[in-house]
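# What the coordinates show
The primary structure of each chain is shown beneath.
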Amino acid sequence: MTRRFRDELLRTGRRFTMLTDPHEPCLATAVDALLTVGWADADPLPERIASERAHS
């Protein structure tokens, strides 16, 4: 992650985690964190909801 990108995340109040370990442990940490907090940043897209309803 570039400093500029990190600064923009901070400026806009976005949540993020800075991972500095090798790729595999970082990926596992990031996935675990997402699964723990869930997806709360945005509602599902309306077309996705309609598509899921059509297939169930």
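What counts, and where the lines are drawn
Residues numbered from 1 in each chain as written. Predicted model: local features only at pLDDT ≥ 70, side-chain atom pairs only at ≥ 80, totals over all residues. Heavy atoms only, no water. Helix = DSSP H or I, 4+ residues; strand = E, 2+ residues; numbered from the N terminus. Buried < 20%, exposed > 50% of the residue type's maximum accessible area, 1.4 Å probe, protein only. Areas by Shrake-Rupley, 256 points an atom, 1.4 Å probe, with all protein chains shown as cover. Salt bridge = Lys/Arg side-chain N within 4 Å of Asp/Glu carboxyl O. pLDDT = per-residue confidence, 0-100.

## Remarks on the overall build of the protein
The helix and strand inventory of the protein stands at three helices and zero strands. Secondary structure elements of the protein, listed N to C terminal, follow the sequence α-α-α. In the protein, which comprises 56 residues, the proportion classed as buried is 4%. Total accessible area on the protein is roughly 5500 Å²; 56% of this is exposed by carbon and sulfur atoms.

## Digging into the pattern of salt bridges
Once their charged atoms are close, side chains differing in charge can pair, the charge on each being opposite to the other. Evaluated as defined, the whole model comprises two salt bridges. With a closest N to O distance of 3.0 Å, Asp7 and Arg6 form a salt bridge. A salt bridge links Arg11 to Glu8; its shortest N-O distance comes to 2.6 Å. Of this pair, Arg11 and Glu8 both sit in helix α1 (residues 3-11), three residues apart, roughly one helical turn. With a relative accessible area of 60%, Arg11 lands in the exposed category.

## A few points about the confidence of the model for the protein
For any part of a model where pLDDT is low, the fine detail of the predicted coordinates should not be relied upon. Mean pLDDT over the protein works out to 78, with 75% of the residues at or above the 70 mark. For the protein, per-element mean pLDDT is lowest for helix α3 (residues 46-54), which scores 68, and highest for α1, which scores 92.

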